[in-house]
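Working through the structure, step by step
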Amino acid sequence: MRKLFKLFVVVVLAVAPTILAAYPARAENTLDRILKEKKIRVAIDVANPPFGILDSSGQPDGSDVAVARQMAKDLGVELEFVQVPSTGRIPSLLAGRADVTIASISITADRAKTVMFCNPDGALLIVILGPKSLAIAAPADLAGKRIGITRATLEEATVPKMAPQGTNIVWFDEIGATIQALVSGQVDAVALTSFAGSAVASANPGKQIETKLIVTTAYYAPIVRPGDFELRQWINTWIFLNTQNGTLAALYKKYTGVNLPPLPVF
Amino acid sequence: MNYAFRFNVVWDHFPELMNGALLTIELSATAMAMGLGLAVLCAYGKSAGPRPVRWLLAGYVELIRNTPFLVQIFIFYFSLPMIGIRLTANSAALAAMTINLGAYASEILRAGIEAVPRGQVEAARALGLRRLQIFRSIIIFPALKAVYPALTSQFILVMLSSSVVSTISAVELTAVTNSLQSTTFRSFEFYFVAMGLYFAMSLGFRASLSVIYWAAFERSR
C-alpha cells in the first residue's frame, strides 16, 4: 500500500510541471493560438454563389473560399473550413467553432454590436429579382407581392425597411430555398445579391428572370470575435497588402466577373 | 468563455415567440388528428382491402419511412407547383407532417392489430358481425389501447420535427427564433428560450394525450 502511495507521489510530481506549463502566465490570444497550433478555422457559407459554393467534386470554392485559402497560406498555417448556413455565420464564430468568418458578411452597425468587422475585402449589390411579366418599377410596387428573402443576410436588414405596407415578405433559411421558391413560383420576386441573381437568371432562361430594383450597395468583410484585436489587425494588414498587390481584385474578378470597386477602410 | 447573456432582448420579443409556438401547436395537433385518421384507414385497408390496395399501402409506408422528412417537405412545397399543385407553406407543412405521421403510426398500429387474438376475430365472425363492425369494435379499439404509449411518443416526435418546416417559410417557433436571433444576434438566449418552449409544449401534449387516453379507454370501466 505504501509502495503504491509513493508511486502516486512520484507520478504527481513528474506530471505537475507539464500541466502547469500548459497555462501561460499571459492569457493567450486567438492569433497566438492559431500560430502555435498551426491551424486556422474559418467559417464559410458554401450556399452563397459566387462567394461560397461547392465545386463539381464537392470541395468548397468561390471568392470567399479563395480569400480564406490565400490568407491561410500567407499566415503559414493549415486551413480548416467550418461550413455553416447563412444563419450560422455569426453564432458559430461566437460559439468558438471558428476563429474567423469569411462569408461575405455586409458591414452593418447592428452586427458590429456583436462581432468585430475587419476592413472590407469586397462589395456587393442587393437587388429585387422577378420574372419579366411582373410589374415592379419602384419600391411602392412591392405592395401586395410575395417577396422571398433569406434570413441572416443583408436582404433581411434592408428589404423590409424599403418595402411599403402590404408587402408579403416570405422568409427562408437558405439562399438555395429562396431561389427555389422563385423558380417554382411560390413567391413573386426575391431579394438576392446581384451575382446570385445573374446566376439564377442564366440557369433558368425559360423563366425570363430580370433585375427589378436595386436595394443597396454594401461592403462585406471578415468578422472576428469581440476582443480579438491581434487577429483583426493581422487580417487588416493582409487585406491592405493584397489590395495593393492586386490579389483581391483578381480573385473578385475571377468569381464575380466584374471589377472590384475601390475598397474603403476604417 | 466570457459571453454576457442578455435575456431582456428575448422578453422584448416574447409575443412573437408565442405566436410561433401557437402555429407549432396548431400544425402539430392537426397533423396528429389527421395522421392518426390516415393510419387507421391504412390499417383497415391493409387488413381488409384487396391485394393491390395492400401493396399500394405497403409502398406508401415504406417510401415515407425510408426517406428524410426534410426531403418530403421540399417535395410538397417546391416540387408540387411544377405539376400545378400550389400549396401555401403552412398547408405544405401540414400535408407533409400528416403523411409522415400516417406512415409511422400505421406501422405502430399494425403491431397492435397483430396483438389482437385471432380467436376473438373468429368469434365475432361466428356471431355474424360484418367486416367493418369487427374492425371497429374487435380490432382497432383494443389495438389503439395497446399501442397508445408508442403512438404518444410518435406524436411528440412529429411536434418536435415540425421545427424543420421553417425551411419552407412556415413561421412556426423555430422560424421565429431564427429570424429573431439573426436580427438581434442573441443566438444563445433565443435558442435556450425556444428549447424551454418546446419542452413545455412536449409536456403539454403528453398531458393532453394522457387525458384523451383516460377519456377513451379508462372512463367507461
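Residues numbered from 1 in each chain as written. Chains lettered and ligands numbered in written order. Predicted model: local features only at pLDDT ≥ 70, side-chain atom pairs only at ≥ 80, totals over all residues. Heavy atoms only, no water.

Observations regarding the overall build of chain A
Which entries qualify depends on this criterion: Secondary structure counts use DSSP, requiring at least four H or I residues in a row for a helix and at least two E residues in a row for a strand, with both numbered from the N terminus. Only C-alpha atoms enter the radius of gyration, while the globule expectation follows 2.2 Å times N to the 0.38, with N the number of residues. Summary of the burial criterion: residues with accessible area below 20% of their type's maximum are buried, those above 50% are exposed, and those between are partly exposed, where the area comes from a 1.4 Å probe applied to protein chains only.
On a plain count of helices and strands, chain A comes out with nine helices and eleven strands. Against the globule reference of 18 Å for 266 residues, chain A gives a C-alpha radius of gyration of 23 Å, more extended than a compact globule. Principal axes of the C-alpha set define a box for chain A whose edges measure 90 × 45 × 40 Å. Counting the 266 residues in chain A, one finds 51% classified as buried.

Quick word on the interface of chain B and chain A
By a frequent convention, interface size equals the accessible area lost on bringing the separate parts together. Rule in force here: Should any heavy atoms of two residues lie within 4.5 Å, those residues are considered in contact. Throughout, the accessible surface (probe 1.4 Å) given up by two parts as they are put together, summed over both, is called the buried area. The salt bridge definition used is simple: a Lys or Arg side-chain nitrogen within 4 Å of an Asp or Glu carboxyl oxygen. Think of a polar contact as two N or O atoms within 3.5 Å of one another; within protein, one of them needs to be a possible hydrogen donor and the other a possible acceptor, and neighboring residues in sequence only count if both atoms come from side chains. Gly is placed with the polar residues, together with every amino acid not listed as nonpolar (Ala, Val, Leu, Ile, Met, Phe, Trp, Tyr, Cys and Pro) or charged (Asp, Glu, Lys and Arg).
With 21 residues of chain B in contact, the opposing surface of chain A contributes 23 residues. Contact between chain B and chain A buries roughly 1900 Å² in total, counting both sides, with carbon and sulfur atoms accounting for 57%. If you look at where chain B meets chain A, you find zero salt bridges. Across the chain B-chain A interface, the total number found is nine residue pairs in polar contact (both at pLDDT 80 or more). When residues in the side of chain B that touches chain A are grouped by element, the largest group, seven residues, is from helix α8 (residues 173–184) of chain B. Its residues assigned to classes, the side of chain B that touches chain A comprises ten nonpolar, ten polar and one charged.

Some details on the pairing of strand β10 (residues 189–193) of chain A
Residue and element names in this part refer to chain A. Operational definition: Strands qualify as paired when DSSP identifies two bridges or more between them.
Extensive coverage of β10 is indicated by the burial of five of its five residues. Of the strand pairs in this sheet, strand β7 (residues 122–131) and β10 are connected by four bridges, and their pairing is antiparallel. Within β10, the position partnered with Leu129 by the bridge is Val190. Relative to β10, strand β8 (residues 146–150) runs parallel, the two being bridged by two bridges. Residue pairing across strands places Gly148 opposite Val190, the latter belonging to β10.

Describing the side chain of Ser162 of chain B
Residues and elements named next belong to chain B. Inspection of the secondary structure assignment puts Ser162 in the loop between α7 (131–161) and α8. Taking relative accessible area as the criterion, Ser162 reaches 0% and is therefore assigned buried. A polar contact of 2.6 Å, which involves the side chain of Ser162, links it to the backbone oxygen of Met159. Those residues in contact with Ser162 that sit more than four places away from it in its chain are Thr24, Ser28, Met97 and Glu172.

Examining the pattern of salt bridges
Residues and elements named next belong to chain A. With the rule as written, the count across this model stands at 14 salt bridges over all chains. A salt bridge links Lys36 to Glu28; its shortest N-O distance comes to 3.0 Å. Lys36 gets classed as exposed once you look at its relative accessible area, which sits at 61%. A salt bridge links Asp99 to Arg41; the nearest nitrogen and oxygen atoms lie 3.0 Å apart. Of the two residues, Asp99 is situated in the loop between α4 (89–94) and β5 (100–106) and Arg41 in strand β1 (residues 39–44); the sequence distance between them amounts to 58 residues. Both residues of the pair, Asp99 and Arg41, belong to the buried class. One network of salt bridges, in which partners are shared, links Arg33, Glu37, Arg41, Asp99, Arg225 and Asp228.

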